[in-house]
Amino acid sequence: MSLVSRVVGLVLMRVRLAVSYHSLGTPLNRAHVGGKLLGLLVLWLGFLILDVPQALSLAPAVLFLAFSSPRPVVGGGLLLSLIPTSFVGVASMFLTPYPPLSLEWGLRSATLAWRTFGLSLSSLLVFASTSPLALAGLLARFGKAHDLVVLFYRSLPLTVNDVTEAISAQGLLGKPLHHTLVPSTLLALRRAEGLALSLYTRGYRTGPRTRVEDLGDPLWGALVVAVPLVCLALGLLL
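As a convention, each chain's residues are numbered from 1 in the sequence order in which they are written. Under the rules for a predicted model, residues below a pLDDT of 70 receive no local features and side-chain atom pairs below 80 are neither given nor counted, while totals for whole chains, interfaces and linings still include all residues. Excluded from the side-chain calculation are hydrogens and water; included are all heavy atoms of the structure.

Trainee: Please explain the side chain of Ser-57 as it appears in this structure.
Mentor: Secondary structure elements are defined from DSSP: runs of H or I of at least 4 residues count as helices, runs of E of at least 2 residues count as strands, and each element is numbered from the N terminus. The residue Ser-57 is located in the loop between helix H3 (33–49) and helix H4 (59–67) in this model. Assessed through its relative accessible area of 12%, Ser-57 is described here as buried. A 3.5 Å cut-off defines polar contacts: any pair of N or O atoms within that distance qualifies, except that in protein one atom must be a possible hydrogen donor and the other a possible acceptor, and neighbouring residues in sequence count only when both atoms are side-chain atoms. A polar contact of 2.8 Å, which involves the side chain of Ser-57, links it to the backbone oxygen of Gln-54. A polar contact of 3.1 Å, which involves the side chain of Ser-57, links it to the backbone oxygen of Cys-231. Here, two residues are considered to be in contact whenever any of their heavy atoms come within 4.5 Å of each other. For Ser-57, the contacting residues outside a window of four places in its chain are Leu-50, Cys-231, Leu-234, Gly-235 and Leu-238. Note on classification: 1.4 Å probe, protein chains only; a residue is buried when its accessible area is under 20% of the maximum for its type, exposed when over 50%, partly exposed between these limits.

Trainee: How do you make sense of the packing of helix H5 (residues 71–94) against helix H6 (residues 103–128) when you look at a structure like this?
Mentor: In a packed pair of helices, the relevant descriptors are the angle between the two axes and the axis-to-axis distance. The angle between two axes is taken between their N-to-C directions and runs from 0 to 180 degrees, where each axis is a line fitted to C-alpha atoms and a helix contributes only its stretch in contact. The geometry of H5 relative to H6 is characterised by a closest axis approach of 8 Å and an angle of 155° between their N-to-C directions. By the angle class used here, H5 and H6 are roughly antiparallel. The two elements H5 and H6 cross, and the hand of that crossing is right-handed. Put simply, angles under 35 degrees are roughly parallel, angles over 145 are roughly antiparallel, angles from 65 to 115 are roughly perpendicular, and the rest are oblique. Crossings are classed by handedness, with left-handed meaning an anticlockwise turn of the near helix from the far one by less than a right angle and right-handed meaning a clockwise turn.

Trainee: Please explain the pattern of salt bridges as it appears in this structure.
Mentor: In a structure, side chains of opposite charge can pair up when their charged atoms sit close to one another. Any carboxyl oxygen of Asp or Glu that lies within 4 Å of a side-chain nitrogen of Lys or Arg is treated as forming a salt bridge with it. Counted by the stated rule, this structure contains one salt bridge. As a salt-bridge pair, Arg-115 and Asp-51 come within 2.6 Å of each other at their nearest N and O atoms. In this pair, Arg-115 is assigned in helix H6 and Asp-51 in the loop between H3 and H4, connecting sequence segments 64 residues apart.

Trainee: Before we go on, may I ask you to explain the environment of Ala-226 in this structure?
Mentor: Mapped onto the elements, Ala-226 comes out in helix H10 (residues 218–237). Separated by 191 residues in the primary sequence, Ala-226 and Gly-35 have C-alpha atoms spaced 9.3 Å apart.

Trainee: Explanation requested: H4 in the structure shown.
Mentor: Owing to its 3.6 residues per turn, the α-helix brings residues three or four apart onto one side. When H4 is considered as a whole, its buried residues turn out to be Ala-61, Val-62, Phe-64, Leu-65 and Ala-66. Taken together, the buried residues of H4 touch helix H2 (27–30), H3, H5, H6 and H10.

Okay, structure coming up:
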């Protein structure tokens, strides 16, 4: 197996941990799903409207989410978030209207990199610490949205696992990394077709769903909202 295949395989293993739900009883696991989504929305708003150095006021909120999340999610989320951050950071150094090595050039690159990292990590921490059933329960009155959430959470970890296994198999055969795209894509399409056939034969129809799981602790949910709100307020006041 080539070095590139090994590195990609290790990265995908960490990605699989980041996109899979982990129920370990952490504070972020127990928080109300509505509060987590609202807190994440506040963080998104802060990252989009604040520039460096004001946007650094959101760092305590991201650290709060990290310390409140399961450890596997944090490790995988950090690695996965660094991938888009690296691309955006490097691209912003060359695709810029400002002179290289100027103050404006540095602030713009740092702002884009921090926004990408913060948005990616906070989103991964929240969704990987949220039960798919609880998230679907929040959308129980919206049939199609409920069904899309459940299908997404069921299919994404399986797809990442398929790609990881395909890379390992192709690497043992000494074949290039891009040869994994065809079998992985065919397997994902076959699984989707089988799922559609299964739902059709059972007479499945979209519509309001019955909530089958508790939505979480409102107190922890309120705290997940309050911390980003305070950080955003501090950033606006700086």
